[in-house]
Each structure stands twice: as C-alpha cells, then as structure tokens.
Amino acid sequence: MNATLRFDDPAAVIIETCGGKGANLSILTQQGFHVPPGFVVTAAVYQEFVDQAGELLKHLDELPFGDSSALREAGEKLQAELLKLPLPTSVHEEIREQLRGFPDGTAFSVRSSSTMEDLAGAAFAGQHETYLNVTGFQNVIDRVRDCFVSLWADRAIAYRRQQKFDHEKAVMAVVVQQMVFSESAGVGFSINPINGQLGEMVINSNFGLGESVVSGDGEVDQWIIDKSTRAVVSASIGRKSHKVMSAADGTSEVHLSSSDSAKSSLGDGQLDELAKLLVDVETSYGFPQDIEWAFADGQLWLLQSRPVTTIPPMWTRDESAERFPNVLTPLTWDFVESGFHRSLVHSFELLGFPPFSGKWFAKFDHYIYGNQNAVELYARRAPFSIRSLEELREIIPVLRERYAWVQDLPVAWMRDLDHYLVSLGRYQAERLEAMTPLQVWRHVLEVNEHGAQYFLPNIAISVAHGVIYRIFHGMLRLVMEPTEAASMFDHLMAWCETKTGQINKELFELARLVDQSDALKGHLFGSTSREVIDATVLSEFPEFDVRFTCFLRDHGHREVDFDAYVATWGEAPWIVLDNIRLILKAPMEMTPSEKQRELKVCAQRAEVELFSKLPKDLHFFFHELLRLARVYTSLDDLEHYQTTRLTPALRRGLRRLGEMLVSKGVLAEPMDVFFAHQAQIEQVLTSNMPDDWKVFAQQVSEQKAAYLIDRARTPEWILGQAASNPKSDANADVLTGMAGSPGVAEGPVFIVLTSEDFSKFPKGAILVARTTNPTWTPLFYSAIAVITESGGPLSHGAVTAREMGIPAVMSVRESLASLKNGQLVRVDGGAGRVERIGDD
C-alpha cells in the first residue's frame, strides 16, 4: 500500500485509508472544486509507527477517565513516549517525492485526519493537532509525527470515550496541503445550525487566516443567507480585535485598528460566491455541509467540508401523527423507542446515509413528536439528481453498484422472517404460570429484544419505499409532462399484492356469508357487536363461526391502535364484526376480486403506454424500477403486518405480570402495568422491598392519571406553539393539505377517533380522522372521501383511497378541531383542498 496518496488519487477517498479530513479533501478535489493541492500520509503509516510502541498502547482501559487532571498527566506521558519513536523510514522518500511536486519554499498546513474524524455525529473539532505554515522536508516529517501523537492527547482520549468510540480502533492519517495566504477566511454552514432552519445558510468570517474564526477567539462577522434566493437575511459585522497571519514556522496574531476592526471582511460579490459554493457542496454530497474557505488574490478556495454534525430538533406531529396518532402508555414507548432508534442507526448505515445521533421521535405528555429537521435532512432528500435520459444512461452502472442492497434487502428480510415467527411461537408456548414475577419480566424483555432484532432493517424498507417512489416519479418526468407523469404513476401503481388486500377479501367473504343468513344479519344489526360476541351468538351459525374463528387465528394480532396497551382483534373480536357490518351497509358495485382485476388491467395498460414512449435500451432499467416500486409497496405492508405479531406475545407476558401485581395489592388492574416505565419495573422487581412497592404503586397511579388527562386533549401540532383557531383565519372556509387520491366529492363530515366509532359511520359520509391503518379499510367502502390530519401519498389512507377510487386529502392540520359531524364539505383530492360548502 502507498504511504502517501495525492488528493486526485481515486484510492484517497477511502476514510479507512486517509481519515475523514483527507478523504473529504480528495472527494472535493475529484469533484472539481477549487481545493488547494496536497497529499495524505495514510493510516497504514500510523499503524507502522505505533507498532514500534510495543506494550505502550495495550492497557488503554486502565487510563484514569474519571479524573481529568490524572488523565491529562497520563496523556502527556503517553505522548512523550510516542514522540521518542521515529517516523518509519519507508515514508520519508515518498513524502520527499510528493514535496518535489511543489515549488521550493512552498508552505504547507499539516493537519490530523483521524479515521473517526469529520463523521456526521463526531466532528472531533479541535481534538487533534493542526500545524500551519510548515516549510521544508524535515519540518513536514516532524509535524506528521506530531499529528500521529496528538491522537493520544487527553482531550482526544476523553472525546472518544464520550462518543463511545473504541480507543484501539483509533487510527490517524495526516493531510499535507499547500497553504493559502488569505486576505479573509472563515467557515460556512449550508443550513442554520443555530435555529435549525434548513432554508438558511450561515457564514462566519474574519480577515487573515481562518484560525481566528475556528478557534472562537474574539468577535467575527456573520451573515445569514436565504438558501433559495441567496439574499442576505441578516448581517452582523463584529468588532474584530485581531487577525491571524502566517509567520515563520507558524502563525501570529496581528492587532486590528479600530477603523479596520469595524470593516466588513467580505464584499457583496464574495458573499454571492460563498453562497453558491455552499449550495454546490451540499448538492454534491447530498447532505448539509460545514465548510472552511478562504479568499486569496481574488480567488475563493475550499479548504475543507464535513457533514453538519448537530442541528437543533424541531418537534412536530408532521412525521409522527400517522404512525402514533394517539397517546402512548409509558411502557409501550420505552420498548418502542429503543428498538426504533437502533433500527434507525442500522438502516441509515445500510442506506449509506451519514450517521444520525439525535432523536427521530420523542414523547411529550404522552404524544409522540417527530424531529422534522431530521426528517427533512434524511428521509426526504434525493439520493441523486438526473436531468435527462442521457445522464441516466451514464449513471446506471453507478446506481447498479451503489444500490445493490435495494435488490438484496427483500430477499434477506424474507429469509429472516421464518426465525422471527418460529421464535414468537416458542415464546407464546412458554408456561408463565410457573414463573416468578421477575422471571415473567425477563420473559417480556426477551420477547421485546427479539422484536427489536427483527425490526432492525425495517426502517430501511420504509425509507427505500419512499425513495423509490420519488425516483420513479422523477424518471417519468424525463419522458412526459409533469401532469401526465403523475397520472401515469398512479396507474402503474394501481395494483400491488398486499397482506391488507388479502385480509379485506377475507372480510368481504365473511360479509357474504352473513348476507346469506337473515337470522345472523338480524343479530348483527339488532345488537351491538360486543353483545353478539358476549352472548356467543355466533355458535348458532357453525359455518360462519368456523370461518370467523379461522380469520381470528390468522389475523388476530392485527392492531387497532399502535399502543400495545390496546387490545388486538384477537382480544376484541367485536371490532371485526363492526367491519363486517360496515361492508354490509355499503354494498360494492364490484367484488374485491373484480376490483382487483380492473386495477391490474389499468396497470398493465399503463405499462404498455410507458414502454412505447421509452428508448428500447432503457426498457430493462424502467422495468426493474417499476418492479422494485411494487415489491417495496408489498414489503412495507407485510413488514408492518408481521411486526404486529409481537403485540399478543408482549401483552400475554405483561398481563401475567399485572395479574401477579394485582394479587400483591400493587395494581388496580392487570394492564395498569403499561403505565409504569421499564426502569421502574426493573428496579422494584429487583429490589422487592415493601417501601419500593409502595413507591411503585404511587408512580403507576400518578402516571395513569396523567395519561388519561392527556388522552382527552388535542396535542399541539408544533411543540411549544399553541394550536391556532381555524375559524379565526380569513380563509377558514378552505383547508389545505397534501393530495392523496384524485377526484372531487361533496358530502357530510363524520369524524372517527377510535374503532368504537366504526359501527356509527354512515354510508355516503366523508371520513375525517387523525390517520388510518389497515384495520380501518372497511370504512372506505362506505366513505365517499377521506381527510386525515397526517400522512402523505404513501400512507394507508391515500393508497386505499386510490384503490377504492375516492378522493383523499392528507396532512390537513387541525381538521379534527375545525370540522364537525354533519358539516358539508367539498374534497378535491387532486388539489389537496377541503372547502366548507354549508353551515354547521
């Protein structure tokens, strides 16, 4: 392996070889950005260097991490011993040869480039050494060794420990780059890292070298720029006390006069150049960037770029309301949060996204909010941009290699599904009656961990599903007008084989059985579904009873609400009877099978039309893209269906634990265990002390009371911002959202909050809900349109509405608060518009 690599060497883009800084500079150079030339002393040289240290780095776990003074002393001793080691002679000649490529007397910056550095989640800012204005071969050699040794400064050791990085895996490369003697320099962010605004860019600047800006040592100039218009939103010209300039073998501070200190370090034209550079670099990486830059002799130089490591969260219900429409009990969220964020890390690594170390979802007063900034950065960013079919032809080989995992993931997921299902069966068969409370709790934790392991790739499925849809829609616009592309996309995706579709067909068949028996139909419409179940009426109708029992056996794990505290179909079978009643109340013009055939014909005709417009050499690519869009639509539905199989196993264990705690006089009801936090249960079961049980009982009681209060209120859509009153708006008669399913319908509103409202839903009404899930599908047979507060074109409500051919508008904020039952509205699904047309 080469000891050194120039920035333009294809091998230099590998972080494991050149570290974060070196790899980034190489990528930027090879993408055509104006980067000062240089080379990287590779990580292999560092490894050869420390191999000389023998046992010196073998006992890192024994360092005094809890004592900062002792750690500083230990780090200094470690560095002193390492400085006694020579740089391997093998690298000397290669560095000398690299320096020959520059004019005599060229000054260099010599910068550390850890393989853990400049990752999105750990910037290591200032933790390792940088040396400026280094001249001469021997000085470069010495500074390279100093950079190697800086890996073991106490601040770098402490930072790695804080970030939970393995010290033994810490490796250092070194960047040797031609100095830029700048008149002004600084940093720039392609998003606003202060307030989290993704549409703003921030530039900090000072005269001289950029070290005065990076160090934070004194006032600097700051501009906030609108990313879309490049207009200056705000400017703050600091009273700059000094600037950093090059000096012999380093730098020096130069005092600024009062008149110079008040001057702007950048002109309007330079700001325009910087704004364009920030946008270009972000576009190139496909992710927000933090750059270092310099102006020298009228030229703008890009000195460094790294992913933005932190950004303030913006908590909204935009992303969470569809998945978590209602309040969640503490224990459900404790279980879900850990598994979800583990899946997020795993899935982002699979997707090739920069690491994400923050929270995607968080619970506030029992409602779940999504970090909208994270959603915009990760889930909604385009993986690449193609403007023509010619560009597509050129990039297809790259796409095939980069996204091979998209082809592999469905196969791997199906392979692993068997283990998940078989193990769940084993957990369900375990005899909980013979266990102690602590043993039952350990059983529950084991079931939950099994579910978390199964769920690891599932977010990747969801994200890939959305990305494929956006890519496919964009590709269609390359061969037809946007409106035609939208219609073509809807027709191509009109039919996909899903588990939800299969269940709906089975429900329809059960409804047909009921329709054949006047007596059974009389019971269903003469009593509530709960009364029919409780009175065991179904046993009088053996054919239906057998089919109904089989249906619950196969699909009884289907959830009514995301919260595991809420019973599934298997424990609340009357909900299934409510669905059957809805189907009977709204006779369909076509059976599900007939509707399925119609949609398949529609999709097939759209395929013929599409391929007639495409060049033949692109037929296979579009065929595969269409296939993957359908595969992931089916897979996204199936993984959700299989994920909910976890709920009965968890509820079984927690019910048994709750029963035991009721018998101890700790809980009022078995399922009150859901109002405890995981850590509280763990602590009280482990200690098993009378006083702890009293505290636990009080905690559960208080937490349940808080849950019930929060369940009765409408949550803020944006955390910290009180909901606005739609009627106070001048345009209160018009509500807007996202187009979900095309078409226009007029009719009365009917709000559905829970499954208890299913049986009341009137045929011909407009369904209004926070969100819908597959168990709500029979409502669509009676509805003439759908309005939801959350979701988008890929949500269950939108997909089902398109299958049923009824209009739908998604993400209509505060629709539950602003609309009332019986109110007449017009729903324009294609325009994403809801209009009141009658009095309340």
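Just above sits the structure.
Summarised in this report is the structure supplied together with it. On a predicted model such as this, the values are computed, not experimentally measured, just so you know.

## What about the overall build of the protein chain?
Alright, step 1. What the protein chain contains, in helices and strands, is 29 helices and 24 strands.
Alright, step 2. A compact globule built from 840 residues would reach a C-alpha radius of gyration of about 28 Å, and the protein chain, at 32 Å, matches this within 12%.
Alright, step 3. In terms of overall dimensions, the protein chain has a C-alpha envelope of 100 × 70 × 55 Å along the principal axes.
Alright, step 4. When the 840 residues of the protein chain are sorted by exposure, 52% land in the buried category.
Alright, step 5. The long-range share in the protein chain, meaning contacts at least 24 apart out of those at least 6 apart in sequence, stands at 70%.
Alright, step 6. When the accessible area of the protein chain is evaluated, it comes to approximately 37000 Å², of which 52% is carbon and sulfur surface.
Alright, step 7. Here the protein chain holds 79 positive side-chain charges and 111 negative ones, and the gap between their average locations is 4 Å.

## A few points about the nonpolar core
Alright, step 1. Judged by nonpolar contacts, the single largest core of 137 residues is most densely connected at Trp 360, Phe 544, Ile 580 and Phe 696.
Alright, step 2. Top contributing element to this core by residue count: helix H15 (residues 458-476), with 12 residues.
Alright, step 3. Ala 53, Leu 71, Leu 87 and Val 171 belong to the second-largest nonpolar core, a separate cluster that totals 42 residues.

## Some thoughts on the sheet that holds strand E13 (residues 299-307)
Within a sheet, adjacent strands bond to each other through the backbone by hydrogen bonds, running parallel or antiparallel.
Alright, step 1. With antiparallel pairing, the six strands of this open sheet are ordered in space as E9-E8-E7-E6-E12-E13. Each having just a single partner strand, strand E9 (232-236) and E13 make up the two edges of the open sheet. Geometrically, the sheet is characterised by an average inter-axis angle of 15 degrees between neighbouring strands, direction not taken into account.
Alright, step 2. Of the strand pairs in this sheet, strand E12 (residues 289-296) and E13 are connected by eight bridges, and their pairing is antiparallel.

## A word on the sheet that holds strand E22 (residues 808-810)
Alright, step 1. Strands sit in the order E17-E24-E23-E19-E20-E21-E22-E18 across an open sheet of eight strands; the sheet is mixed. Each edge of the open sheet carries a strand with a single partner, namely strand E17 (734-736) and strand E18 (738-741). Within this sheet the neighbouring strands show an average axis-to-axis angle of 30 degrees, counted without direction.
Alright, step 2. The pairing of strand E19 (residues 744-751) with strand E23 (residues 824-828) spans five bridges and is antiparallel. Residue Gly 747 lies in a different strand from E23, and its bridge partner there is Val 825.
Alright, step 3. Packing of helix H28 (residues 796-804) onto the sheet brings it into contact with E18 and E22, and relative to E18 it is tilted by some 45 degrees.

## Topic: the pairing of E19
Alright, step 1. Pairing geometry for E19 and strand E20 (residues 766-769), over three bridges, is parallel. Note on E20: the bridge partner recorded for Ile 751 is Val 768.

## Points about the pattern of salt bridges
Alright, step 1. One pass over the structure, following the stated rule, counts 39 salt bridges.
Alright, step 2. The shortest N-O distance in the salt bridge between Arg 393 and Asp 617 comes to 2.6 Å. A residue pair is termed long-range when its members are at least 10 positions apart, and Arg 393 in helix H12 (residues 389-402) and Asp 617 in the loop between helix H22 (592-613) and helix H23 (619-643) qualify at 224 residues.
Alright, step 3. Overall, the relative accessible area of 30% leaves Arg 393 in the partly exposed class.
Alright, step 4. The shortest N-O distance in the salt bridge between Arg 630 and Glu 607 comes to 2.9 Å. On the criterion of sequence distance, the pair formed by Arg 630 in helix H23 and Glu 607 in helix H22 is long-range, its members being 23 residues apart.
Alright, step 5. One salt-bridge network, held together by shared partners, links Glu 93, Arg 96, Glu 97 and Arg 100.

## Here we look at helix H9 (residues 268-285)
Alright, step 1. An ideal rise of 1.5 Å per residue puts 26 Å on 18 residues; H9 measures up with 26 Å between its terminal C-alpha atoms.
Alright, step 2. Along H9, the residues that are buried comprise Leu 271, Leu 274, Ala 275, Leu 277, Leu 278, Val 279, Val 281 and Glu 282.
Alright, step 3. Directly beyond the C-terminal end of H9, a positive phi value near 70 degrees is found at Gly 286.

## Section: unusual backbone geometry
Alright, step 1. Located in the positive-phi region is Asn 133, a residue other than glycine, with phi close to 55 degrees.
Alright, step 2. On the secondary structure map, Asn 133 appears in strand E4 (residues 130-134).
Alright, step 3. Since its relative accessible area comes to 10%, Asn 133 is described here as buried.
Alright, step 4. One non-glycine residue, Asn 688, lies in the positive phi region at around 55 degrees.
Alright, step 5. Structurally, Asn 688 is set in the loop between helix H25 (678-687) and helix H26 (690-711).
Alright, step 6. Overall, Asn 688 belongs to the partly exposed group, its relative accessible area being 47%.

## Description of the packing of aromatic side chains
Alright, step 1. Inspection of every chain in the model, using the stated rule, returns 29 aromatic pairs.
Alright, step 2. Between Phe 544 and Phe 548 the ring centres are 5.6 Å apart and the planes differ by 20 degrees, which places this aromatic pair in the stacked class. Of this pair, Phe 544 and Phe 548 both sit in helix H20 (residues 542-555), four residues apart, roughly one helical turn.
Alright, step 3. By relative accessible area, which is 3% here, Phe 548 ends up buried.

## Description of the environment of Met 671
Alright, step 1. By secondary structure assignment, the location of Met 671 is in the loop between helix H24 (646-663) and H25.
Alright, step 2. A relative accessible area of 14% means that Met 671 is categorised as buried.
Alright, step 3. Remark: the alpha-carbon pair of Met 671 and Leu 99, spanning 572 residues in sequence, is separated by 72 Å.
Alright, step 4. The residues touching Met 671, leaving out its near neighbours within four places in the chain, are Tyr 565, Arg 651 and Arg 655.

## Concerning the side chain of Gln 703
Alright, step 1. Inspection of the secondary structure puts Gln 703 in helix H26.
Alright, step 2. Residue Gln 703 is classed as buried on the basis of its relative accessible area of 16%.
Alright, step 3. Side-chain polar atoms of Gln 703 contact the side chain of Gln 680, separated by 2.9 Å.
Alright, step 4. When residues no more than four places from it in sequence are discounted, the contact partners of Gln 703 are His 366, Phe 675, Ala 676, His 677 and Gln 680.

Cut-offs and rules
Residues numbered from 1 in each chain as written. Predicted model: local features only at pLDDT ≥ 70, side-chain atom pairs only at ≥ 80, totals over all residues. Heavy atoms only, no water. Helix = DSSP H or I, 4+ residues; strand = E, 2+ residues; numbered from the N terminus. Rg over C-alpha atoms; globule rule 2.2 N^0.38 Å. Buried < 20%, exposed > 50% of the residue type's maximum accessible area, 1.4 Å probe, protein only. Contact = heavy atoms within 4.5 Å. Areas by Shrake-Rupley, 256 points an atom, 1.4 Å probe, with all protein chains shown as cover. Lys, Arg positive; Asp, Glu negative; His and termini not counted. Charge placed at Lys NZ, Arg CZ, Asp CG, Glu CD. Core = buried A, V, L, I, M, F, W, Y, C linked by side-chain atoms within 4.5 Å. Pairing = 2+ DSSP bridges. Axes fitted to C-alpha atoms, helices over the stretch in contact; angles between N-to-C directions. Salt bridge = Lys/Arg side-chain N within 4 Å of Asp/Glu carboxyl O. Expected span 1.5 Å × (residues − 1). Phe/Tyr/Trp six-rings, centres within 6.5 Å; stacked < 30°, edge-to-face > 60°. Polar contact = N/O pair within 3.5 Å; in protein donor to acceptor, adjacent residues only side chain to side chain.

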